[in-house]
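What follows is each chain in one-letter form.
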Amino acid sequence: MEKYTGKLKKKLEEALRAVLPIIGIVLILSFTIAPITPSILLSFLIGAVFLIIGMMFFTLGAEMSMTPMGERLGTRMTQSKNILVIVLLSFILGFIITISEPDLQVLAQQVPSVPNATLILAVAAGVGFFLVLAILRMLLGIALPPLLVIFYLVIFGLVFLVPESFRGVAFDSGGVTTGPMTVPFIMALGIGISSIRNDQHAANDSFGLVALCSIGPILAVLILGMIYEPGENAYALNAIPEISDSVELWKMFGTELPAYIKEIAISLLPIIVFFGVFQIFSLKLSKKVLTKIVIGLIYTYIGLVLFLTGANVGFIPSGNYLGQMLASLDYRWIIVPVGALMGYFIVKAEPAVYVLNHQVEEITDGAIPASAMGTSLSIGVALSIGLSMLRIICGIPLLYFLIPGYAIAIGLSFFVPKIFTAIAFDSGGVASGPMTATFLLPLAQGACLAVGGDLATDAFGVVAMVAMTPLITIQILGMIYKVKESRRDLSPVEYAYAEMDEDAIIEL
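In this text, all values refer to a predicted model and were calculated from it rather than measured experimentally.

Engineer: So what exactly am I meant to see when it comes to the packing of helix H14 (residues 335–346) against helix H16 (residues 370–394) here?
Structural biologist: Here H14 crosses H16 at 150°, and the two axes come no closer than 7 Å. With respect to their mutual orientation, H14 and H16 come out roughly antiparallel. For the pair H14 and H16, the sense of crossing is right-handed. Contact with H14, carried on its side by Ile335, Val336, Gly339, Ala340, Gly343 and Tyr344, involves Thr375, Ser378, Ile379, Val381, Ala382, Ile385, Gly386, Met389, Leu390 and Ile393 of H16 and no other residues of that element. Taken together, the residues of the contact of H14 with H16 break down into eleven nonpolar, five polar and no charged.

Engineer: Hey, could you run me through unusual backbone geometry in this one?
Structural biologist: Generally, phi is negative for residues other than glycine and the peptide bonds are trans, each holding for most cases. With a phi angle near 50°, lysine 284 is a residue other than glycine that sits in the positive phi range. Here lysine 284 shows up in the loop between helix H12 (246–283) and helix H13 (287–327).

Engineer: How should I be thinking about a nonpolar patch on the surface in this particular structure?
Structural biologist: Residues Leu269, Val273, Val277, Ile280 and Phe281 make up a contiguous nonpolar surface patch of roughly 520 Å² in combined accessible area. Summarising the element assignment, valine 277 is placed in helix H12.

Engineer: Explanation requested: the packing of helix H2 (residues 38–79) against H12 in the structure shown.
Structural biologist: Two measures define how a pair of helices packs: the angle their axes make with one another and the distance between the axes. For the pair H2 and H12, the least separation of the axes is 12 Å and the interaxial angle reads 5°. Between H2 and H12, the interaxial angle falls into the category roughly parallel. Touching Ser39, Leu42, Ser43, Ile46, Gly47, Phe50, Met66, Met69, Arg72, Leu73, Arg76 and Met77 of H2 are Leu249, Trp250, Met252, Phe253, Leu257, Ile271, Phe274, Phe275, Phe278, Ser282 and Leu283, all from H12. In the contact of H2 with H12, the residues fall into 17 nonpolar, four polar and two charged.

Engineer: Quick question: what am I supposed to make of the side chain of serine 43 here?
Structural biologist: Of note, serine 43 is situated in helix H2. By relative accessible area, which is 2% here, serine 43 ends up buried. Setting aside anything within four residues of it in sequence, one finds serine 43 in contact with Leu249, Met252, Phe253 and Gly314.

Engineer: What is the right way to look at the nonpolar core in this model?
Structural biologist: A general feature of soluble globular proteins is that nonpolar side chains tend to end up buried together. Grouped together as the largest cluster of nonpolar side chains are 153 residues, with contacts concentrated most on Met342 and Leu402. Sequence-distant contacts of leucine 402, that is, excluding residues within four places in its chain, are made with Phe156, Phe171, Ala464, Met465 and Met468.

Engineer: How should the packing of aromatic side chains be read in this particular structure?
Structural biologist: Aromatic ring pairs are defined here through the distance separating the ring centres and the angle between the ring planes. Considering all chains together, one arrives at 17 aromatic pairs under this definition. Between phenylalanine 44 and phenylalanine 439, the ring centres sit 6.3 Å apart and the planes meet at 45°, which makes this aromatic pair tilted. Of this pair, phenylalanine 44 sits in helix H2 while phenylalanine 439 sits in helix H19 (residues 434–451); the two residues are 395 residues apart in sequence, bridging distant segments of the chain. Like phenylalanine 439, phenylalanine 44 is buried. Each ring, one from tyrosine 331 and one from tryptophan 333, has its centre 6.4 Å from the other, and the planes form 50°; the classification is tilted. On the basis of relative accessibility, which here comes to 34%, the residue tyrosine 331 falls in the partly exposed class. Three or more aromatic residues link up through ring pairs in this structure, and these residues are Tyr152, Phe156, Phe171, Tyr406 and Phe425.

Conventions adopted
Residues numbered from 1 in each chain as written. Predicted model: local features only at pLDDT ≥ 70, side-chain atom pairs only at ≥ 80, totals over all residues. Heavy atoms only, no water. Axes fitted to C-alpha atoms, helices over the stretch in contact; angles between N-to-C directions. Helix = DSSP H or I, 4+ residues; strand = E, 2+ residues; numbered from the N terminus. Parallel < 35°, antiparallel > 145°, perpendicular 65-115°, else oblique. Left-handed = near helix turned anticlockwise from the far one by under 90°. Contact = heavy atoms within 4.5 Å. Nonpolar A, V, L, I, M, F, W, Y, C, P; charged D, E, K, R; others polar. Patch = residues over 30% accessible without salt bridge, like charges linked within 9 Å, V, L, I, M, F, W, Y side chains within 5 Å. Areas by Shrake-Rupley, 256 points an atom, 1.4 Å probe, with all protein chains shown as cover. Salt bridge = Lys/Arg side-chain N within 4 Å of Asp/Glu carboxyl O. Buried < 20%, exposed > 50% of the residue type's maximum accessible area, 1.4 Å probe, protein only. Core = buried A, V, L, I, M, F, W, Y, C linked by side-chain atoms within 4.5 Å. Phe/Tyr/Trp six-rings, centres within 6.5 Å; stacked < 30°, edge-to-face > 60°.

Encoded structure:
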């Protein structure tokens, strides 16, 4: 028990480092240029406490349960060497994990004219299909960039066949459905599958599953948009709650907490059942290993319940209100740098980002440190939120950013080491998780409301932007890494010349 207490303390320190900057930014804004009501500020602070404790439990729980479960399932599935069995199990796994994702329920309520059950099943089938493709790609050693070119050409071909009001939600779905439940499991599955291969490219191909699985929801929602032909504007903001006293404030959290207790239990159940069946008939893990996984699942459950309660109850109203206040100022342009600053820090609080960064460091034996990954992701998200706020106050269409952005990202994929392309496209889905959906998206919606924009065409698309920019920044990190590696192969004299600037060489 003492061992777990020590680990929880370490995770608490990491959670504090991730969330405290956001608290500081909101407090500074609320006491200076963007005053918010005491009830909203208090709900934000209570939500932040839930968030910190939730992150502490979730990150430790994911390490102890989701990661080893995914790795062992991936290894056992591929050891069968029966392609039909692998395809069937991969589809079932992708399908049930996606249905387990809490953010998918939120997405279903935001999509107009499409029945919730229809959208959830379609998106889950899309992820299941692309998980099959991703696993077959790994087993057959197929390069990732050509597949990305093909599927994104299909996406950008279909996007013009659906109403403009539907495009932002469709692209947002790719990021939303690869959340804290899906990402740790799918990434660990990739590591487990690649461990069967002994070739030199096995480590490179262990990433890329999330990249392809993020495509499935976008295609599914676009196809549904063509079938159901949604109306132009069926979106509305939820009312910002006004709390009169502290008892009413606590009741707001107390009312939502049981709902998340039930929701996360239902979400985790299919994964536990799937793993349990494998354990009985195939894995047969020792009692010690199973005990550790069970304790990890309990931590994961507690963490997700607290995290999502804090984010949804405490952060959505404050993000919405702050967006309205900032965009109502005479100098509304201030929301661009403020949004970028928030984006830089808020991605550090995404639960799945922690899992990605440390798995990258582990699988590359420290060649790609978690700190470099974290900085690259923060820069990418800061850029995306800054551009999103600029898009809202200027009314620029979403595709003006997405088409050139994805063109640059896919173009870079042919020039950087393979592993960086796979990690970059994985990171896009990872960065756009619940923190983006519960704080940055409401911030954008509030700003859109203040400037008189259209919620469907202007506010939605923030998650899509957050999913896009890391594709570029992580691959730029890959180019820097490639240059450094090439210089290591030079002789000492050649390396010295490479480090000199042009004027110094001419002078010599």
